[in-house]
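Reading the structure
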Amino acid sequence: MKSFTSRRARAIMVAIAAGSLALTGCSENTGNNTGAKAENQDKAKEQQQGVAYLDAKASAGPAKDVAGAKPGGTVTVYQESGLTHMDPGQIYVSDAGQFSNLVFRGLTNFQEDGKGGVSVVGDIATDSGQASDDNKTWTFKLKDGIKDENGKEITSADVRHTVERLYAEFIFDGPTYLQTWLSGPDYRKKLPDGGFGKKHLPDSVLETPDDKTVIFHFDTPRPDLPMTLAMPGYSIVPEETDTKEKYDAAPVALGPYKIAEFKAGKALKLVKNENWDPKTDAVRHQYVDGFDFQFGVTESTQTKRLIADQGDAKNAIQFTGSVDATQIQDVVGDAAVNKRTVKGYAPYVMQLTFNLDRVKNKTVRDAATYAVNSKSLIAGEGGAYGGDVAPNLFAPTLPGYDAKYDPYGRLKTPAGNIEKAKELLADVPAAEKKLVFAYANSEAGQKRKVAIEDALEKVGFDVVSKEIDAASYYEQIGKLDNPYDMYITGWGQDWPSPSTVVTPIYDGDQVANGGSNYSHIKDPKVQELIKKALGEQPEQASKTWEEAHKYILEEVNPAAPLWYVKQFQLHGSNVGGVRYSTESSYMDLNQLFLKS
């Protein structure tokens, strides 16, 4: 899944039935930088344990009380750029995913124990789902008393509508797992009007026999469905109030908070949704009266304010921003400030992605891959607190990760292999050495721009950098006819399986406007391996995914691995209940309260 600065995951999903493993995050605060890399890498290896699908009792609600929690007050939220989307069907970026957890609800959700463990529970459904027919059929019963912010009770018709609207052309930036599983890669052709007309998906695909029952029918086993449905992109959109394209600016809440005021790119105010019933929610709380989002606050300003801890900053949090790299020592060097941080190892790989429609010469891509300076890029992210050098395209948190697989020698030459890059470029025509690099107009984007330009120009590339608005960054590079040769992207698994990395990013069927295949790779061998792995049992599939990974990186090279992401966030002294969320890889918003 995308993050605000990378394609972030709703990371923690997997079915025991599939025999897979799930990520469990690092939730403790570390005191200093000594051994930071080794400690986090070790924890990444340990972040794998089974995740259970829980029953009706565990899904009933209310959520377990947070120790010391008090009601009242408003949390101030610092965020540099505006939200990418607010329409659930468009949400696949982590800033919107964090927002979604406050405002929306889905059939299922994730429940965290605060120690790194994650389970799947029913959200508006009574449980995490009932499978039959070898996981080809999944049945969900809806809880009583689930209402939207207008007081309208949610029925199976709203769930059907939520699924069918994803087939409409105006939904272009969200996940596509459910749609493709139900109707194949050309799913839009099966319901071109998105269910807004008289035509609907047949009962043989999606069945709603009564107001409380939803049944999904698949042609192959889908044991991961409960985790898939917990993604924010599958949150419920009530049929009666769906305004299609306009919904992105004024969505209707089912969660504990609703939108009271929204000024795009400037401010967002959330207040309590009085029609949310805590007795139906096993995950969320409604301790504070609301959240006031301040957009346009750079990470450096966020960090300065939170270190100072004065006025509203005492009640403030970083949303998807992190501690500014230049101020990290000011944070970790002060015990009182460092106590107000959350740190964790995130399951995301940042990479320099090449647009294969434009950069067709693999020698050029290889030269750029050898040239890039991971050390410089990581320094801009906060050094050891910001990330580790990535030798390949799989994260350390992913089952099957091989730390020794380093085909471009990234670990030996983290600052770039200048000689090798120059050697490869020696016979390349000058026209092919000119590369257009797209970057986000954020502080982080500016730092990355400088690092990329410096590394590539040093070996003989002519880099032309083009600025993109950070809030629409993925939308712009997601256009098939985009005018860019390369751009930094990142991806974290949607659940701990290589299938949720290789398929979304490197499957030729995902080459589409708004798709996540940003390199536009369409390789028959990759397609063959993906198809093979998806039909295999986990143990054998892991070997096929490994083969696909090596073929992609060595024989095609659509993206140069750069760094693995770490999270490091700061909050005000009056904010209580703060902990690292394994599931979001940010601060856990479900637990927050104000101490006074």
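Residues numbered from 1 in each chain as written. Predicted model: local features only at pLDDT ≥ 70, side-chain atom pairs only at ≥ 80, totals over all residues. Heavy atoms only, no water.

**Some points on the overall build of the protein**
As a reminder of what qualifies: Here a strand is any run of E in DSSP of at least two residues, a helix any run of H or I of at least four, and the numbering for each starts at the N terminus. Radius of gyration means the value over C-alpha atoms here, while the globule rule gives 2.2 Å times the residue count to the 0.38 power. When accessible area is computed with a 1.4 Å probe and restricted to protein chains, residues below 20% of their type maximum are described as buried, those above 50% as exposed, and intermediate ones as partly exposed. In this analysis, two residues are considered to be in contact whenever any of their non-hydrogen atoms come within 4.5 Å of each other. For the area figures, the Shrake-Rupley method with a 1.4 Å probe applies, and any residue is considered shielded solely by the protein chains shown.
Counting secondary structure elements, the protein contains 18 helices and 21 strands. Against the compact-globule benchmark of 25 Å for 596 residues, the protein has a radius of gyration of 23 Å, which places it among compact chains. With respect to the three principal axes, the spread of C-alpha positions in the protein is 70 × 55 × 40 Å. Counting over 596 residues, the protein shows a buried share of 62%. For the protein, the share of sequence-separated contacts (at least 6 apart) that also reach a separation of at least 24 residues comes to 75%. When the accessible surface of the protein is totalled, it reaches about 21600 Å², and 47% of it is carbon and sulfur.

**A word on the environment of Asp-462**
Tracing the sequence through the fold places Asp-462 in strand E17 (residues 462-468). Judged by its relative accessible area of 40%, Asp-462 is partly exposed. Between the alpha carbons of Asp-462 and Gln-527 there is a distance of 33 Å; along the sequence they are 65 residues apart. Non-local contacts of Asp-462, meaning those with residues more than four positions away in its chain, are made with Lys-433, Lys-434 and Leu-435.

**Remarks on the side chain of Arg-579**
Here Arg-579 lies in the loop between strand E20 (575-576) and strand E21 (593-594). Ignoring any residue separated from it by four or fewer positions in sequence, one finds Arg-579 in contact with Glu-112, Asp-113, Gly-114, Val-342, Tyr-586, Met-587, Asp-588 and Gln-591.

**Brief notes about the pattern of salt bridges**
Note the following rule: A side-chain nitrogen of Lys or Arg and a carboxyl oxygen of Asp or Glu constitute a salt bridge if their distance falls within 4 Å.
Counted under the stated rule, the structure contains 23 salt bridges. As a salt-bridge pair, Arg-165 and Asp-87 come within 2.9 Å of each other at their nearest N and O atoms. Residue Arg-165 is located in the loop between helix H4 (156-164) and helix H5 (177-183), and its partner Asp-87 is located in the loop between strand E3 (74-79) and helix H3 (94-103); the two are separated by 78 residues in the primary sequence. You can call Arg-165 buried: its relative accessible area is 1%. Residue Asp-87 is classed as buried on the basis of its relative accessible area of 2%.

**Brief notes about the pairing of strand E19 (residues 559-570)**
The condition that has to hold: For two strands to count as paired, DSSP must find a minimum of two bridges between them.
The buried count for E19 comes to 12 of 12 residues, which makes it a mostly enclosed element. Where strand E15 (residues 387-389) lies against E19, 3 bridges are found, and the strand directions are antiparallel. What sits directly across from Gly-387, in E19, is Val-565.

**With respect to the environment of Pro-504**
Mapping Pro-504 onto the fold places it in helix H16 (residues 499-506). With residues near it in sequence (within four places) discarded, Pro-504 still touches Tyr-177, Trp-491, Ser-499, Gln-510, Ser-516 and Asn-517.

**Some details on H4**
An α-helix turns once every 3.6 residues. As a result, residues three or four positions apart point the same way. Of all 9 residues making up H4, 8 are buried, and the element is well covered by its neighbours. Taken together, the buried positions of H4 are Ser-156, Asp-158, Val-159, Arg-160, His-161, Thr-162, Val-163 and Glu-164. Buried residues belonging to H4 abut H5, strand E8 (206-210) and strand E9 (213-217).

**A short note on the packing of helix H11 (residues 362-371) against helix H13 (residues 418-425)**
Selection rule: Angular values range over 0 to 180 degrees, each being the angle between N-to-C directions of two axes fitted as lines to C-alpha atoms, with helices fitted over their stretch in contact. Any angle from 65 to 115 degrees is called roughly perpendicular, while one under 35 is roughly parallel, one over 145 is roughly antiparallel, and all others are oblique. Note on convention: the crossing is left-handed when the near helix lies turned anticlockwise from the far helix by less than a right angle, right-handed when the turn is clockwise.
In contact at an axis separation of 8 Å, H11 and H13 are set at 165° when each is read in the N-to-C sense. As far as their axial angle goes, H13 and H11 are roughly antiparallel. For H11 against H13, the interelement crossing comes out left-handed. Of the residues in H13, those touching H11 at Thr-363, Asp-366, Ala-367, Tyr-370 and Ala-371 are Lys-420, Ala-421, Leu-424 and Leu-425.

**Observations concerning the sheet that holds E3**
Ordered by their spatial adjacency, 5 strands build an open sheet running E10-E11-E12-E3-E13, and the pairing between neighbours is mixed. Both edges of this open sheet fall to strand E10 (257-263) and strand E13 (316-318), since each of them pairs with a single strand only. Averaged over all pairs of adjacent strands, the angle between strand axes in this sheet comes to 20°, irrespective of strand direction. As paired elements, strand E11 (residues 267-272) and strand E12 (residues 290-295) share 5 bridges and run antiparallel to each other. By the bridge assignment, Leu-268 is partnered in E12 with Phe-293. Strands E3, E10, E11 and E12 of the sheet are contacted by H3, whose axis makes an angle of about 25° with E11. Running over the sheet, helix H8 (residues 299-308) touches E3, E12 and E13 and is turned about 140° from E13.

**Quick notes on the nonpolar core**
Buried together is how nonpolar side chains tend to be arranged in soluble globular proteins. Note the threshold: Working definition of a nonpolar core: buried Ala, Val, Leu, Ile, Met, Phe, Trp, Tyr and Cys residues. They are joined through side-chain atoms within 4.5 Å.
In terms of nonpolar packing, the biggest core is built from 135 residues, with Phe-216, Phe-291, Leu-352 and Phe-461 touching the most fellow members. When residues in this core are grouped by element, the largest group, 8 residues, is from strand E14 (residues 341-354). Non-local contacts of Leu-352, meaning those with residues more than four positions away in its chain, are made with Val-372, Phe-437, Ile-452, Met-486, Tyr-487, Ile-488, Pro-558, Ala-559, Ala-560 and Leu-562. Of all hydrophobic cores here, the second largest spans 13 residues; its members include Val-297, Val-337, Phe-568 and Leu-570.

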